[in-house]
Amino acid sequence: MTRRPVFLAALACATLVRLLALPLPGTEDVGTWKIWAYGASSHVTYVYGVGGTPPVRGVVTWNQHETTVDYPPAAMYELALVGFAYRAIDPSFADGGLLNAMVKIPGLLAGAMLTWLLAWTAGRFTRSASTAAWAALAYWLNPATVLNAEVLGYLDPLMMLPAVAALVLLHVGAAESAGVCFAVALLTKPQAILVGPAFALAAWHMGSRSWLRAGGGAALAAIVLLLPFAITGALPNMWLAFGSFYTRRNILSGNAANVWWIANYLSRAWNQRLTLGARAFFQPVRRVMAISTFQEQGFPNPRPFATAAAMGVAGFGIWRLRHNRDLASHALAAALSIHAFCVLSVGVHENHLIFVVPFLTLAAALEPSIRPLFYAVSAIAALNLNLFYGIGRGWGYSLPRMMLGIDLSVLLSLANIAALVWHARVVSRMGKVTTAQPSL
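Keep in mind it's a predicted model, so treat the numbers as computed, not measured.

Engineer: Residues and numbers for the nonpolar core, please.
Structural biologist: If you look at the biggest cluster of nonpolar residues, it comprises 139 residues, and the most contacted ones within it are Met76, Phe359, Leu360 and Ile370. If one sorts the elements of this core by residue count, helix H15 (residues 327-344) sits on top with 14 residues. When neighbours within four sequence positions are excluded, Ile370 is seen to be in contact with Leu332, Leu360, Ala363, Ala364, Val426 and Met430. Counting eight residues, the second-largest nonpolar core is a separate cluster that includes Leu252, Trp260, Ile291 and Ala306.

Here is the structure:
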């Protein structure tokens, strides 16, 4: 009982920080969300374009800015609601701190609901109020989740909430709802597919009927979300937009602390060694490297090798935990799949590692031995965001990247690789003993 005031005070402080951060400008992505919110609130089913032979890409315009849309429809519906709400407040749709806050509020609400879900799940499966409190604080007080959503304005919580809910719902016997949540997550951000193997493993353990029920729920949700675009005739344009989401990522690493950021660093340093000598390896990595530039230096296209490596690590996790029926193991498997993608794949961005955090939170709440790994990955995710963006464009407050003489982003990449190895070892250890599902 004596800890309850401390718990509530900590939650209140974190909430205040998150609210105060809403008007901050965030990253350049926040500008994109504003354009999409404006366009989606005008006519959401037209954002991808309509018709054309071949299909045309829709161009969304706001405040002399224009862009195309490549996120799935669930994200467009959510941003349309933001646009409707802001139009009611300011029909001119003027830019400013209030609009910054408006486009971040869905992430704030999704994060709050995810915090409750993690606490509720931990409490239900362990029957421990202290474990539930740890789960809530581990997410809501986590600097990585604060930076990701309310400070920098990414939309990841809108995907993370239904993705985590899908896995939890399978374990409480609500397979249809689990399928619905998985489809919503996938149609919010494509990275939700990384949870698919763990979701399938959990459904397999629940029996063949769970497979069918989850599949039916996912199909129904997908039909409901896609039908308005089908009626408008925009489905071919949508598929074209989704294709561009993959092909436009002509980059080794989009500021993500991973193997390919190190490749970027080494490649640039090696090319500068003749003019700078050894000092070339003690220069900051100033910009992202395109895959095409990497190939021009005589290297093969890294995409197939990177994809195979990430899939191999994810497959290892599923195979190692194939006999485990408990939620902690399945959450850990999902986290490993995401972590492997973030460390080994090309085209990964600085915010993608945040997707590991809620699954590791859930796994660590249910299995305390995982908590050191959770703390390490959370720190890496927070530092990855801070090193490149501080607390937003033009605001600074990022750690000096050259404070140790070598770019901190390179050292952080090495730390993330080590964390992935650690993560795989934890999975291997968990797979040695088939754990029983706690009674509900």
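Engineer: How would you sum up the environment of Leu240? Please name residues and give values.
Structural biologist: Along the chain, the position of Leu240 falls in helix H11 (residues 235-247). Note on Leu240: relative accessible area 36%, which makes it partly exposed. A sequence separation of 122 residues divides Leu240 from Leu118, and the C-alpha atoms of the two residues are 36 Å apart. In this structure Leu240 touches Pro55, Val56 and Arg57, once residues within four positions along its chain are discounted.

Engineer: Got a sec to walk through helix H12 (residues 259-276)? Specific residues and values, please.
Structural biologist: Because each turn of an α-helix spans 3.6 residues, side chains separated by three or four positions end up pointing in the same direction. Spanning 18 residues, H12 covers 24 Å between terminal C-alpha atoms, matching the ideal 26 Å at 1.5 Å per step. Maximal helix bending in H12 amounts to about 35 degrees, located at Trp270. Listing the buried residues of H12 in full gives Trp260, Trp261, Ile262, Ala263, Asn264, Tyr265, Ser267, Arg268 and Ala269. Against strand S3 (253-254), helix H13 (291-296), helix H14 (303-320), H15, helix H17 (371-389) and helix H18 (408-430) lie the buried residues of H12. The N-cap of H12, judged by a side-chain oxygen 3.1 Å from the amide nitrogen of Trp260 a few residues on, is Asn258. Immediately downstream of H12, the backbone of Gly277 shows phi near 65 degrees, a positive value.

Engineer: Lay out helix H7 (residues 156-171) in plain terms, naming residues and giving numbers.
Structural biologist: Taking 1.5 Å of rise per residue, the 16 residues of H7 would be expected to cover 22 Å, and the 23 Å separating its terminal C-alpha atoms lies within 8% of that figure. Within H7, 15 of the 16 residues are buried, leaving the element largely enclosed by the surrounding structure. Once H7 ends, the next one or two residues include Gly173, with phi positive near 90 degrees.

Engineer: So, the pattern of salt bridges: which residues are in play, and what are the values?
Structural biologist: Inspection of the entire model under this criterion finds five salt bridges. Linking Asp95 and Lys34 is a salt bridge whose minimum nitrogen-to-oxygen distance equals 2.6 Å. One end of the pair, Asp95, is in the loop between helix H3 (73-89) and helix H4 (97-126); the other, Lys34, is in helix H2 (residues 28-43), and 61 residues separate them in sequence. According to the relative accessible area criterion, Lys34 is buried, its value standing at 4%. In this structure, Asp407 engages Arg401 in a salt bridge whose closest nitrogen and oxygen atoms are separated by 2.6 Å. Take Asp407 and Arg401: they sit in the same class, and that class is buried.

Engineer: Pulling in residues and values, what's your account of the packing of helix H6 (residues 143-151) against H17?
Structural biologist: One way to put it is that H6 packs onto H17 with a least axis distance of 8 Å and a crossing angle of 35 degrees. Crossing of H6 against H17: the hand is left-handed. Where H6 abuts H17, its residues Pro143, Ala144, Leu147 and Asn148 lie against Ser378, Ala381, Ala382, Leu385 and Asn386. Of the residues assigned to the contact of H6 with H17, the class counts are six nonpolar, three polar and no charged.

Engineer: Can you tell me about the side chain of Ser210, naming the residues and giving the values?
Structural biologist: On the secondary structure map, Ser210 appears in helix H10 (residues 208-232). Polar contacts involving the side chain of Ser210 include one to the main-chain carbonyl oxygen of Met206, which spans 3.4 Å. Residues within four places of Ser210 in sequence aside, it is in contact with Ala175 and Ala203.

Engineer: So what about the environment of Ile251? Which residues, and what values?
Structural biologist: Here Ile251 shows up in the loop between H11 and S3. The class for Ile251 is buried, based on a relative accessible area of 17%. Sequence-distant contacts of Ile251, defined by excluding residues within four places in its chain, comprise Val288, Met289, Ala290, Ile291, Val346, Gly347 and His349.

Engineer: Summarise the packing of aromatic side chains; cite the residues concerned and give the values.
Structural biologist: By the definition in use, this model includes 20 aromatic pairs. Seen in terms of ring centroids, Tyr48 and Phe242 are 6.1 Å apart; in terms of plane orientation they differ by 85 degrees. Their pairing is edge-to-face. Of this pair, Tyr48 sits in the loop between H2 and strand S1 (60-62) while Phe242 sits in helix H11, and the two are 194 residues apart along the sequence. Residue Tyr48 is classed as buried on the basis of its relative accessible area, which comes to 1%. The rings of Tyr48, Tyr77, Phe229, Trp239 and Phe242 are connected pair by pair, giving a single aromatic cluster. We note Arg18 situated over the ring of Trp140; from NZ or CZ to the ring centre the distance is 3.9 Å. Positioned above the aromatic ring of Trp270 is the side chain of Arg273, whose terminal nitrogen or guanidinium carbon lies 3.7 Å from the ring centre.

How each quantity is defined
Residues numbered from 1 in each chain as written. Predicted model: local features only at pLDDT ≥ 70, side-chain atom pairs only at ≥ 80, totals over all residues. Heavy atoms only, no water. Core = buried A, V, L, I, M, F, W, Y, C linked by side-chain atoms within 4.5 Å. Buried < 20%, exposed > 50% of the residue type's maximum accessible area, 1.4 Å probe, protein only. Helix = DSSP H or I, 4+ residues; strand = E, 2+ residues; numbered from the N terminus. Contact = heavy atoms within 4.5 Å. Expected span 1.5 Å × (residues − 1). Bend = angle between axes of the 7 residues up to and from the residue. Polar contact = N/O pair within 3.5 Å; in protein donor to acceptor, adjacent residues only side chain to side chain. Salt bridge = Lys/Arg side-chain N within 4 Å of Asp/Glu carboxyl O. Axes fitted to C-alpha atoms, helices over the stretch in contact; angles between N-to-C directions. Left-handed = near helix turned anticlockwise from the far one by under 90°. Nonpolar A, V, L, I, M, F, W, Y, C, P; charged D, E, K, R; others polar. Phe/Tyr/Trp six-rings, centres within 6.5 Å; stacked < 30°, edge-to-face > 60°. Lys NZ or Arg CZ within 6 Å of the ring centre and 35° of its normal.

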